[in-house]
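Listed here are the chains, written in short residue letters.
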Amino acid sequence: MKNTESSAVRRGHRTKKLDLTGQRFGKLVVLGPAKNISSCTAWRCRCDCGRETVVMTKRLRDGHRTSCGCDREPLGETAAVGLASLTYVDGTCVEMIRTKTVRRNNTSGVPGVDWMMKKQRWRATICFKGTRHYLGSYKNYEDAVKARKMGEEKYHNSFVRQFEEEPDSAAPV
């Protein structure tokens, strides 16, 4: 490659932004660009049901988002919730925090609580809107769990309540 080419081109990234305006992805029609989500390009889309939503380019193009969410069954019913039906708001998966999902690789039994071998302490953290918040380290497991529960109330529970009260104000991504 020539030295005059940009580093983005050398790494295989596009330097020219795609224009998806007017294109259809499932039930979504792209209306125009939206504010980026982290460093990802996002688009304002209108669903066939009439609701508007903001979706990242990669989710449109890889087929993970094909609607605003109107075609999914409510959580808790027998319908399988796949990647295409997860709702992200500012980098936070609403379904994951609503159901308090414990990941398969979790060893403490409580999300956000892990054992730090070198320090011989329990650490409590919580992720919200793309940021990991440190809630403290504790000698006792119970204290770390208590800190995590307080963090869930502060960050997750109020967010889920607001999302459920005003689902149109929080745009799924």
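Being a predicted model, the structure only gives us computed values, none of them experimental. Residue positions are counted from 1 within each chain, in the order its sequence is given. With pLDDT at 70 or above as the cut-off, local features in this predicted model cover only qualifying residues; side-chain atom pairs require 80 or more to be listed or tallied, and sums for whole chains, interfaces and linings still use all residues. As a convention, hydrogens and water are excluded, and side-chain values are obtained from all of the structure's heavy atoms.

Novice: Lay out the confidence of the model for the protein chain in plain terms, naming residues and giving numbers.
Specialist: As a per-residue quantity, pLDDT reports the predictor's confidence and falls between 0 and 100. Counting all residues, the mean pLDDT for the protein chain is 78, and 78% of those residues have values of 70 or more. Elements are defined by DSSP. Helices are runs of H or I of four residues or more, strands are runs of E of two residues or more, and each kind is numbered from the N terminus. In the model of the protein chain, helix α1 (residues 7-10) stands out as the element of lowest mean pLDDT, 48, in contrast to strand β9 (residues 131-138), which has the highest, 93. A low-confidence stretch, residues 5-10 (pLDDT under 50), is modelled with nine contacts involving residues beyond four sequence positions or located in other chains. The contact definition used throughout considers only heavy atoms, calling two residues in contact when any of these lie within 4.5 Å. Long-range and interchain partners of residues 169-173, a stretch whose pLDDT sits below 50, account for 21 contacts in this model, where long-range means more than four residues apart.

Novice: Before we move on, could you go through the pattern of salt bridges and cite the residues and values that matter?
Specialist: Salt bridge criterion: a side-chain nitrogen from Lys or Arg within 4 Å of a carboxyl oxygen from Asp or Glu. One pass over the structure, following the stated rule, counts seven salt bridges. Two residues, Arg 148 and Glu 152, come together in a salt bridge whose shortest N-O distance is 3.0 Å. With Arg 148 and Glu 152 both in helix α4 (residues 141-165) and four residues apart, the pair spans about one turn of that helix. Taken as a pair, Arg 148 and Glu 152 share a single burial class, namely buried. We call a residue buried when its accessible area falls under 20% of the maximum for its residue type, exposed when it is over 50%, and partly exposed in between, using a 1.4 Å probe and counting protein chains only.

Novice: An account of the nonpolar core is needed here, citing residue identities and associated values.
Specialist: By nonpolar core is meant a set of buried Ala, Val, Leu, Ile, Met, Phe, Trp, Tyr and Cys residues that side-chain atoms within 4.5 Å join together. Core analysis: the biggest nonpolar cluster contains 10 residues, these being Leu 20, Phe 25, Leu 28, Val 30, Trp 43, Cys 45, Cys 47, Val 55, Leu 60 and Cys 68. Looking at this core, the elements that each hand over two or more residues are β2 (28-37) and β3 (40-47). Looking at this core element by element, the count peaks at three residues for β3. One finds Val 94, Ile 97, Val 160 and Phe 163 within the second-largest nonpolar core, a separate group that totals nine residues.

Novice: For the sheet that holds strand β8 (residues 121-128), give the residues involved together with the corresponding values.
Specialist: Strand order across the open sheet formed by three strands is β7-β8-β9, with antiparallel pairing between neighbours. Both outer strands of the open sheet, β7 (113-116) and β9, are each paired with one neighbouring strand and no more. With direction set aside, neighbouring strand axes in the sheet form an average angle of 30 degrees. For β7 and β8, the ladder comprises four bridges, and the chain directions are antiparallel. Bridge pairing in β8 places Met 116 opposite Arg 121. Where α4 meets the sheet, its contacts fall on β7, β8 and β9, and the angle it forms with β8 comes to roughly 5 degrees. A pair of strands is considered paired only if DSSP assigns at least 2 bridges between the two. Interaxial angles span 0 to 180 degrees and are taken between N-to-C directions of axes, which are lines fitted to C-alpha atoms, for helices over the stretch in contact.

Novice: Describe the side chain of Asn 157, listing the residues and the values that go with them.
Specialist: Tracing the sequence through the fold places Asn 157 in helix α4. Within polar-contact distance, the side chain of Asn 157 engages the side chain of Glu 153 at 2.9 Å. Beyond its immediate chain neighbours, meaning those up to four positions away, Asn 157 contacts Lys 100 and Glu 152. Residues adjacent in sequence count toward polar contacts only when both atoms are side-chain atoms; beyond that, a polar contact is any pair of N or O atoms within 3.5 Å, and within protein one must be able to donate a hydrogen and the other to accept it.

Novice: How would you sum up the environment of Gln 120? Please name residues and give values.
Specialist: Along the polypeptide, Gln 120 turns up in the loop between β7 and β8. Distance in space between the C-alpha atoms of Gln 120 and Ser 137 is 9.6 Å, their sequence separation being 17 residues. From its side chain, Gln 120 meets the backbone oxygen of Met 117 in a polar contact 2.7 Å long.

Novice: Describe the layout of surface pockets, listing the residues and the values that go with them.
Specialist: Site definitions follow a grid-based scheme: protein atoms alone, a 1 Å grid, a 1.4 Å probe that fits but cannot get out for cavities, and for pockets an open set with protein on both sides within 12 Å along at least five of seven lines, plus lining residues having an atom within 4 Å of a point. Grid points are joined across faces, edges and corners, and a volume is the space filled by probe spheres set on the points. A volume near 760 Å³ is recorded for the largest pocket. Taken together, 29 residues line the largest pocket, and the ones lying closest to its centre are Arg 103, Pro 111, Gly 112, Cys 127 and Arg 148. Residue assignment for the lining of the largest pocket shows that the elements contributing at least two residues are β6 (92-93), α3 (94-99), β7, β8, β9 and α4. Tallying contributions element by element places β8 first for the lining of the largest pocket, with five residues. Residue classes in the lining of the largest pocket are distributed as nine nonpolar, 12 polar and eight charged. Under the scheme applied here, ten amino acids are nonpolar (Ala, Val, Leu, Ile, Met, Phe, Trp, Tyr, Cys and Pro), four are charged (Asp, Glu, Lys and Arg), and all others, including Gly, are polar.

Novice: Can you break down the pairing of β9 residue by residue, with the values?
Specialist: Pairing of β8 with β9, which is carried by seven bridges, proceeds in the antiparallel orientation. Its bridge partner lying in β9, Cys 127 is registered against Arg 132. The antiparallel hairpin formed by β8 and β9 contains two residues in its connecting segment, where Lys 129 sits at a positive phi of about 50 degrees.

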